[in-house]
Amino acid sequence: EAQVTQNPRYLITVTGKKLTVTCSQNMNHEYMSWYRQDPGLGLRQIYYSMNVEVTDKGDVPEGYKVSRKEKRNFPLILESPSPNQTSLYFCASSAGQGQYFGPGTRLLVL
Amino acid sequence: GNSVTQMEGPVTLSEEAFLTINCTYTATGYPSLFWYVQYPGEGLQLLLKATKADDKGSNKGFEATYRKETTSFHLEKGSVQVSDSAVYFCALTRPNFGNEKLTFGTGTRLTIIP
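Model, not experiment: these values are computed from the prediction.

> I'd like to hear about the sheet that holds strand 9 (residues 75-77) of chain B, residue by residue, with values.
Residues and elements named next belong to chain B. Here four strands make up an open sheet; going across it, the order is 3-9-8-7 and the pairing antiparallel. Two strands in the sheet have a free side with no partner beyond their single neighbour: strand 3 (19-21) and strand 7 (56-59). Direction aside, neighbouring strands of the sheet carry axes that sit 20 degrees apart on average. Sheet topology places strand 8 (residues 62-65) next to strand 9; three bridges connect them, and they run antiparallel. By the bridge assignment for strand 9, Glu-63 is matched with Glu-76.

> I'd love a proper account of the pattern of salt bridges, names of residues and values included.
Scanning the model with the defined rule gives seven salt bridges over all chains in all. Across the pair A:Asp38 and A:Arg36 runs a salt bridge whose closest N-O atoms are separated by 2.8 Å. Each member of the pair A:Asp38 and A:Arg36 is classed as buried. Among the salt bridges present, the one from B:Glu63 reaches B:Lys56, with a minimum N-O distance of 3.6 Å. A residue is classified by how much of its surface remains accessible, and B:Glu63, at 34% relative accessible area, is partly exposed. Salt bridges here are not isolated pairs; linked through shared partners, they connect A:Arg36, A:Asp38 and A:Arg44.

So, how was this worked out
Residues numbered from 1 in each chain as written. Chains lettered and ligands numbered in written order. Predicted model: local features only at pLDDT ≥ 70, side-chain atom pairs only at ≥ 80, totals over all residues. Heavy atoms only, no water. Pairing = 2+ DSSP bridges. Helix = DSSP H or I, 4+ residues; strand = E, 2+ residues; numbered from the N terminus. Axes fitted to C-alpha atoms, helices over the stretch in contact; angles between N-to-C directions. Salt bridge = Lys/Arg side-chain N within 4 Å of Asp/Glu carboxyl O. Buried < 20%, exposed > 50% of the residue type's maximum accessible area, 1.4 Å probe, protein only.

Put into C-alpha cells, the structure is as follows:
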C-alpha cells in the first residue's frame, strides 16, 4: 500500500529538549515536504526536498532542520523546541501533481 | 504572491442536502488547483484536482470546475452523507524551481446531520 508514515504521532516535550520526527514514504517519490497546521492559518510549508541531499526552506523554516540522506526518509529536527512550535505537523511526498500526506504528528512543547 | 480564500465555516447541513464550498484564488500565471479533505484524526487526502482552465475535477460525488475568469474553484456535491463530515481545504500549486509547495486556504469544517 502506498503511504507516508510519520512517527511519533503524539509527542509532549519540554522547551530546549532536542527531538526528531521521522517521515518515510514507500512510493519512490523524489519530492518531500514538511508542513505545520495551526488554527486559522491553514498549512504552511517548513522545508522541502527535491531529491537526496537537496533541501530548501519553505515559508516558516526558523527553528527547524531537515536532512535527506535517503530517498524514502525526510526527518524533521527541532534542535531546541519552543512553545511556539506546538502544532500539528504533516509530512508529504509527491511525484508530480498532487501530494500524499502522512497522518500527522501532534507536538506539544511545554 | 499566491493566496487562497475559502468560505468561513463551520458549515452544517442535513443529510442529502446540496453542498457548495466557495474557493477563490490569487496567483500569477496558471496554477493547478486542488481540494483536500481531512477526516477527524487523519492526514489530508487529495479529493480532486484540475490543472487548467475549464477542467472539472471529480471524485466520490464531489465536483469542482477551474474557472479562470472568476479565479474560482468551488466544491459541490449534490447529496451529502454523514460520512462527508470533515474539514475541506482548497489549495493551489505553482511549481517553482522544483518546489511543489501547496498554498492552502484556512479550511472549512463540514458537519452533516442525519
